[in-house]
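# Coordinate inspection notes
Given next are the chains, with one letter for each unit.
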Amino acid sequence: QVQLVESGGGLVQAGGSLRLSCTASGLAFSVYHMGWFRQAPGKEREFATSISGNGFGTYYADSVKGRFTISRDNAKNTVYLRMINLKPEDTAIYYCGAAFSIGTQSNEYRYWGQGTQVTVSS
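Residues numbered from 1 in each chain as written. Predicted model: local features only at pLDDT ≥ 70, side-chain atom pairs only at ≥ 80, totals over all residues. Heavy atoms only, no water.

## Describing unusual backbone geometry
Unusually for a residue other than glycine, N77 sits at a positive phi of about 50°. Look at N77 and you get partly exposed, because its relative accessible area is 26%. We note that N85 has phi near 50°; this positive angle belongs to a residue other than glycine. Overall, the relative accessible area of 42% leaves N85 in the partly exposed class. (Buried < 20%, exposed > 50% of the residue type's maximum accessible area, 1.4 Å probe, protein only.)

Quick look at the structure:
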């Protein structure tokens, strides 16, 4: 059974920081590109960032570039999202996904976690 479990969400004030984690099981973790998407209430899920299987290739949406950093530790089957200088518009449920390529569309991802809530107050 493939399982992706996100953790680390919470409530922070604007300008604060959070570090999210996503731990995978049941799949060959290093084979998959991993991505972080986010979904605000009433909105479509949108791409935030992704990382290649070996960790050397990364992509960022313009909305998070310079503030978010994605990384992975294949020995721990875990992908991380470090977020700094958070803004109220970053408020969303954050999901990690696993894909066969680094895509920007949610339908390109094969597996998803349940999500973790990030709330940024002004």
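## Thoughts on the pattern of salt bridges
Following the criterion strictly, the structure yields 4 salt bridges and no others. D90 serves as the salt-bridge partner of R67, at 2.7 Å between the closest nitrogen and oxygen. A residue pair is termed long-range when its members are at least 10 positions apart, and R67 in the loop between β6 (58-60) and β7 (68-73) and D90 in the loop between β8 (78-83) and β9 (92-99) qualify at 23 residues. Here R67 matches D90 in class, with each residue buried. (Salt bridge = Lys/Arg side-chain N within 4 Å of Asp/Glu carboxyl O. Helix = DSSP H or I, 4+ residues; strand = E, 2+ residues; numbered from the N terminus.)

## Some points on the state of the cysteines
Overall, the coordinates contain 1 disulfide when judged by the stated rule. The disulfide partner of C22 is C96, and the gap between their sulfur atoms is 1.9 Å. Looking along the S-S bond of the C22-C96 disulfide, the torsion reads about 50°, which is the right-handed sense. Taken together, the residues span a long stretch of sequence, with C22 in strand β3 (residues 18-25) and C96 in strand β9 at a distance of 74 residues. Per residue, the accessibility class of C22 equals that of C96, and both read buried. (Disulfide = S-S within 2.5 Å.)

## Topic: the packing of aromatic side chains
If you walk through the whole model with that rule in mind, you get 7 aromatic pairs. Look at F37 and F47: their rings are 5.6 Å apart centre to centre, the planes differ by 75°, and that puts the pair in the edge-to-face class. Here F47 lies in strand β5 (residues 46-51) and F37 lies in strand β4 (residues 33-39), a separation of 10 residues in the sequence. The class of F37 is buried, set by a relative accessible area of 0%. An aromatic cluster is built from F37, F47, Y109 and W112, whose rings are joined through pairwise contacts. Sitting over the face of the ring of Y95, R45 holds its NZ or CZ atom 3.7 Å from the ring centroid. Its guanidinium or amino end placed over the ring of F29, R72 lies 4.4 Å from that ring's centre, counting from NZ or CZ. (Phe/Tyr/Trp six-rings, centres within 6.5 Å; stacked < 30°, edge-to-face > 60°. Lys NZ or Arg CZ within 6 Å of the ring centre and 35° of its normal.)

## Concerning the nonpolar core
Membership of the largest hydrophobic core comes to 30 residues, with the highest contact counts inside it found for M34, W36, V79, M83 and Y94. Counting only elements with at least two residues in this core, the list comes to β3, β4, β5, β7, β8, β9 and β11 (116-121). If you tally residues by element for this core, the top one is β9, at 5 residues. Apart from the residues within four sequence positions on either side, V79 is in contact with L20, S21, C22, F29, M34, W36, I51, I70, S71 and R72. (Core = buried A, V, L, I, M, F, W, Y, C linked by side-chain atoms within 4.5 Å. Contact = heavy atoms within 4.5 Å.)

## Description of the sheet that holds β8
If you trace the 4 strands from one edge of the open sheet to the other, you get β1-β3-β8-β7, paired in antiparallel fashion. Only two strands of the sheet have a single partner each, and these edge strands are β1 (3-7) and β7. Strand-to-strand twist of the sheet, defined as the mean angle between neighbouring strand axes without regard to direction, takes the value 15°. Sheet topology note: the β7/β8 ladder contains 6 bridges and is antiparallel. Note on β8: the bridge partner recorded for F68 is M83. (Pairing = 2+ DSSP bridges. Axes fitted to C-alpha atoms, helices over the stretch in contact; angles between N-to-C directions.)

By themselves, these are just geometric observations and shouldn't be taken as functional.
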